[in-house]
Amino acid sequence: MRDFLAVLAGKTALRASRGLGRGGTSLPGRVALSVQPSILGRLARALRQGTVIITGTNGKTTTASLLAHALEDGGRTLVHNRSGANLEAGLVTAFLDASSRHRTRPDLALLEVDEATMPEAVRRLRPLGVVVTNFFRDQLDRYGELDTTVALVAEGLKRLDEEAFVLLNADDPLTTYLGRGRPGRVVYYGISDETCGRAVSDETREQRYCPDCGAELAYHRFYYGHLGHYACPAGDFARPRPNMAGRAVRLRGIEGSETHVVADGGVQVRMRLSLPGFYNVYNGLAALAAAMELGLIPERAAESVGRARASFGRMERVVVDGRNLLLTLVKNPTGFNQVLRTFFGSPEGDPSRLNATGDQPHSSRRVLIAVNDLHADGRDISWLWDVDFEILARPESGIAGVITSGLRAHDAAVRLKYAGVPEERVKCLPRLPAALDAALAATTEGETLFVTPTYTAMLELRDHLSRRGHVPRFWEGDLT
Amino acid sequence: MKLALGHLYPRLMNLYGDRGNIIALVRRAEWRGITVEYTEIGLGDKPKFAVFDLLFMGGGQDKDQRLIAGDFRASKGASLAEAIEDGVALLAVCGGYQMLGRSYRLISGEGVPGLAVLDLETMAGRKRMIGDVVLESSLSGRPRTLVGFENHSGRTYLGSRVRPLGRVLVGHGNNGEDGWEGCRYRNVIGTYLHGSLLPKNPWLADWLLDRAVRRRYGQAAELQPLDDSLEEAAHRAAAAHARARGPARRRVRGRLARESRDRTSGGAGLCPSTERW
């Protein structure tokens, strides 16, 4: 009876929230949980097959989105928290939302789960499998230290049923360490192309020490942040052989990438992505590997993944008054650096990518950086100083102007000043709607406005854009 | 003019934006036409700290602090202590701040010995002190504010031979009890504040640069003022933000209140009277 009331209350809150034109990605779940704290487990029991969890610092939403595409094309009905609300209330809301759309019981729940929520989520959902994408320093103020984050995910994995599969990124030493001594099925994915990436990293690496003995790890290849090919000189720990490997990776700047994927059992597929950068190659590999674990045909899964366009705030393209907006969520230094490098150039990509947008001359790029520091964004704004905004100051980046906005607009403006971006090119407009309007006005028709918001700023921007009719509200079905 | 800037343990102690302090110091020096020679000092290095005018050490995770503790004492300790007594300008944030003290105690009870150059000690605490911070500091001669963000479970207690950096207006401070944050000893500033600290507090960056320049080039050497209107706007915005959402410092009563009065008036008690360094 309590379960019924919880669901009823939750769905009512959901309908009310939608009716009022609001996102409500967590409130309906909170309402249901307040009636029945164990509702998540109950809701999961209604699934035909079970739950797959995706966790890690960067790439949860994109990996989940790619996997959702493959699963839906493969005929599965899903519960999926596509907006990225990944705390317990968000997970419950995803179930409530799905049940208000599908007449029949869904097959699978595909849920991205926040690292700190892992122990609870695994306990309640008892998933078929867990994907761990990577660990980067992110929202340090929430967990205190990276070690704590990793420990929480490890705790979650410990609670898994033995038959569950664990899918780990072989190129991240912090992630692969979770596979150590784990009974049951552990599958690794990674990039195995010695002709790309770099021999030396230029980013603030966050973990370069052997999780076993503390010695500094020796790398001979870096792809993204501290992800690459590593081994402990003491010989007790090294990158595992990936069960699914990206053998030949060709990055195509803003247009995406193409990877020749090889997997155990003689599987060979070509994975084309319309999402840029190494970081998305990893997301694609994770989605493909998970799809295979769930019984999908690799070639079909690869095709679906290739068709996927940008999801919620991840390189989302929106046309507003003839301007091309590229909306990309930023959460932490590594992610932001990848975005800056992809848009504004770095040696590792294809040199033609600087003109890949095709439609604008070099020195007229407009950028809108929107930084909030609410709980979901991370309350400690210090992380801006670990981002290489110096990239925006380089003449080759072709930046005509930057507008900083959000609650911490001034911090971003100061950061840009110290990064060497000329002060006359930076405007500080804390209020987001006004900043968006100013940024659009400054962008010539036909050109691209690069928008990089933190999480709550992105929600606000999308809200603003949807009121103007430019984007569908995210609950109105698939974004692509 | 030239300044030699040394950065202690840049890879291990670089938690959360602390390199913003390096960026701020270097830029503000360069904008004045001062060349900065930047040197990284890592595990195993045994530099002669007398060659440096300015030093910085950031914070790290507990295990990183444990890792460097031995090296810090063995390879850096004596030379650094001498340089500090000689008046080298140094900014130490979070873990760096703790390690300059006598010791840092973990929850397990395990004590990690520090350099014992600063008269302070840190105990492990259960509660994490996280949030926006606003301080009032008289370091530069008149009361000014400092803004930042703290994130530490260590509780630091100052001895009588050091003074606090400032009085907590918003936030927890050194230990969440006595209402003080950071420390100052000769030309050393220790603090828990991230933010990064110096970009939004340009007067503090200039205080450090000023100390470094005068020590090297004599008391007559002066820093040209810079246009800090953007930094000051950011400072004001951060302070307003902190006041709106940070915890107000609890009022202290009784003995602690008397102690804090003594400090403010510079009278007898826990603080030495104002010294000029």
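Keep in mind the model is a prediction, meaning the values are calculated, not measured. (Residues numbered from 1 in each chain as written. Chains lettered and ligands numbered in written order. Predicted model: local features only at pLDDT ≥ 70, side-chain atom pairs only at ≥ 80, totals over all residues. Heavy atoms only, no water.)

Chemist: Would you mind going over the packing of helix α14 (residues 409-419) of chain A against helix α1 (residues 19-30) of chain B with me for this structure?
Modeler: Think of two packed helices as two axes; the pair is described by the angle between the axes and how far apart they sit. Between α14(A) and α1(B), whose axes approach to 10 Å, the crossing angle comes to 55°. As summarised for this structure, α14(A) and α1(B) are arranged oblique, according to the angle between their axes. Remark: the crossing between α14(A) and α1(B) carries left-handed chirality. Contacts between α14(A) and α1(B) pair Arg415(A), Tyr418(A) and Ala419(A) from the former with Arg19(B), Ile23(B), Ala24(B), Arg27(B) and Arg28(B) from the latter. Across the contact of α14(A) with α1(B), the residue classes break down as four nonpolar, no polar and four charged. (Axes fitted to C-alpha atoms, helices over the stretch in contact; angles between N-to-C directions. Helix = DSSP H or I, 4+ residues; strand = E, 2+ residues; numbered from the N terminus. Parallel < 35°, antiparallel > 145°, perpendicular 65-115°, else oblique. Left-handed = near helix turned anticlockwise from the far one by under 90°. Contact = heavy atoms within 4.5 Å. Nonpolar A, V, L, I, M, F, W, Y, C, P; charged D, E, K, R; others polar.)

Chemist: What should I look at first to understand the interface of chain B and chain A in this one?
Modeler: By a widely used convention, the size of an interface equals the accessible area lost when the partners come together. At the junction of the two partners, chain B supplies 36 residues and chain A supplies 37 residues. Carbon and sulfur atoms make up 51% of the area that chain B and chain A hide from each other, which totals about 3,400 Å². For the chain B face of the interface with chain A, the top three residues by lost area are Tyr16(B), Arg19(B) and Leu230(B), together amounting to 23%. In this assembly, chain B and chain A are joined by four salt bridges. Measuring nitrogen to oxygen at the nearest pair gives 2.5 Å for the salt bridge that ties Lys200(B) to Asp411(A). When contributions to the side of chain B that touches chain A are tallied by element, the ones reaching two or more residues are α1, α2 (62-85), β8 (129-137), β9 (144-152) and α5 (229-245) of chain B. Among the elements that line the side of chain B that touches chain A, the one with the most residues is α5(B), at eight residues. Broken down by class, the residue content of the side of chain B that touches chain A amounts to 14 nonpolar, ten polar and twelve charged. (Buried area = accessible area lost by both parts, 1.4 Å probe. Salt bridge = Lys/Arg side-chain N within 4 Å of Asp/Glu carboxyl O.)

Chemist: How should I be thinking about helix α15 (residues 432-442) of chain A in this particular structure?
Modeler: Residues separated by three or four positions in an α-helix point in the same direction, a consequence of the helix having 3.6 residues per turn. Buried within α15(A) we find Leu432(A), Ala435(A), Leu436(A), Ala439(A) and Leu440(A). For α15(A), the angular spread of the buried residues around the axis is 130°, confining them to a single face. (Buried < 20%, exposed > 50% of the residue type's maximum accessible area, 1.4 Å probe, protein only. Arc of directions from axis to C-beta.)

Chemist: Please explain the sheet that holds strand β11 (residues 267-273) of chain A as it appears in this structure.
Modeler: Strand pairing in a sheet takes place through backbone hydrogen bonds and is either antiparallel or parallel in direction. Residue and element names in this part refer to chain A. Taken in spatial order, the nine strands of this open sheet run β2-β3-β1-β4-β5-β6-β9-β10-β11, and their pairing is mixed. The sheet is open, and its two borders are formed by β2 (78-80) and β11, each paired with just one other strand. Averaged over all adjacent pairs, the angle separating strand axes in this sheet is 15°, with direction ignored. Bridge analysis of strand β6 (residues 185-191) against strand β9 (residues 244-251) gives three bridges, and the strand direction is parallel. Of the residues in β9, the one forming a bridge with Tyr189 is Met244. Here helix α4 (residues 60-73) sits on the sheet and contacts β1 (50-55), β2, β3 (108-112) and β11; the angle it forms with β3, its principal contact strand, is near 160°. This element, helix α10 (residues 277-293), spans β4 (129-132), β5 (165-169), β6, β9, β10 (257-263) and β11 of the sheet and lies at about 150° to β6. (Pairing = 2+ DSSP bridges.)

Interpretation in functional terms is not warranted from these geometric data alone.
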